[in-house]
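Remarks on the overall topology
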Amino acid sequence: QVQLVESGGGLVQPGGSLRLSCATSGIRFRGNNMGWYRQAPGKQREWVASFTSVGVTNYADNVKGRFTISRDVAKKTVDLQMDSLKPEDTAVYYCRGRITVSGQEYWGQGTQVTVSS
């Protein structure tokens, strides 16, 4: 059974930093896609950053240079370091795992990030 559990959200001032973590179980990183998405109030869920099945990182243009995705295979975690945060980064952030061979997706419950002064 695949489980994804996010943590690390909170309230931060513009220009500040937060680090989100996704604790995983039941899914292998190698060969599968792991990433972060977010959903702001009244908007559709959007992709933020991810690892491809071969470990290549990709970022949405609006976070490139400010966010860094990383993973620890031994600890089975996928982290998202967010720097230079802006009010428009306010959203619920979700961890997603996608099984390459089947296309099955798994989602965490989400963690709230609020950027406000």
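Summary of the structure given here. Residues take numbers from 1 onward in each chain, read along the sequence in its written order. Totals for whole chains, interfaces and linings use every residue, but because this is a predicted model, local features are given only for residues with pLDDT of at least 70 and side-chain atom pairs only at 80 or more, for both listing and counting. Only hydrogens and water are removed before side-chain values are computed, so all heavy atoms of the structure are retained for them.

Some points on the state of the cysteines
Put plainly, two cysteines are in a disulfide when a covalent bond ties their sulfur atoms together. Cysteine sulfurs are considered disulfide-paired once they come within 2.5 Å of each other. Following the criterion strictly, the structure yields one disulfide and no others. Two residues share a disulfide in this structure: C22 and C95, whose sulfurs sit 2.2 Å from each other. Between C22 and C95, the disulfide has an S-S torsion of -80 degrees and is therefore left-handed. Taken as a pair, C22 in strand 3 (residues 18–25) and C95 in strand 9 (residues 91–98) lie far apart in primary sequence, 73 residues in all. Just as C22 is buried, C95 falls in that class too. Elements are defined by DSSP. Helices are runs of H or I of four residues or more, strands are runs of E of two residues or more, and each kind is numbered from the N terminus. Buried residues are those whose accessible area, probed at 1.4 Å on protein chains only, stays under 20% of the maximum for their type, while exposed residues exceed 50% and partly exposed ones sit between those limits.

Remarks on the pattern of salt bridges
Throughout this description, the term salt bridge denotes a Lys or Arg side-chain nitrogen within 4 Å of a carboxyl oxygen of Asp or Glu. For the structure shown, the criterion picks out six salt bridges. Between R19 and D79 there is a salt bridge; the shortest N-O distance is 3.2 Å. Here R19 is found in strand 3, whereas its partner D79 is found in strand 8 (residues 77–82), with 60 residues between them in sequence. With relative accessibility at 42%, the residue R19 sits in the partly exposed group. Accessibility expressed as a relative area gives 13% for D79, which makes it buried. Between R38 and E46 there is a salt bridge, with the nearest N and O atoms lying 2.6 Å from each other. Looking at E46, the relative accessible area reads 31%, which means it is partly exposed. Through salt bridges with shared partners, a single ionic network connects R38, E46, R66 and D89.

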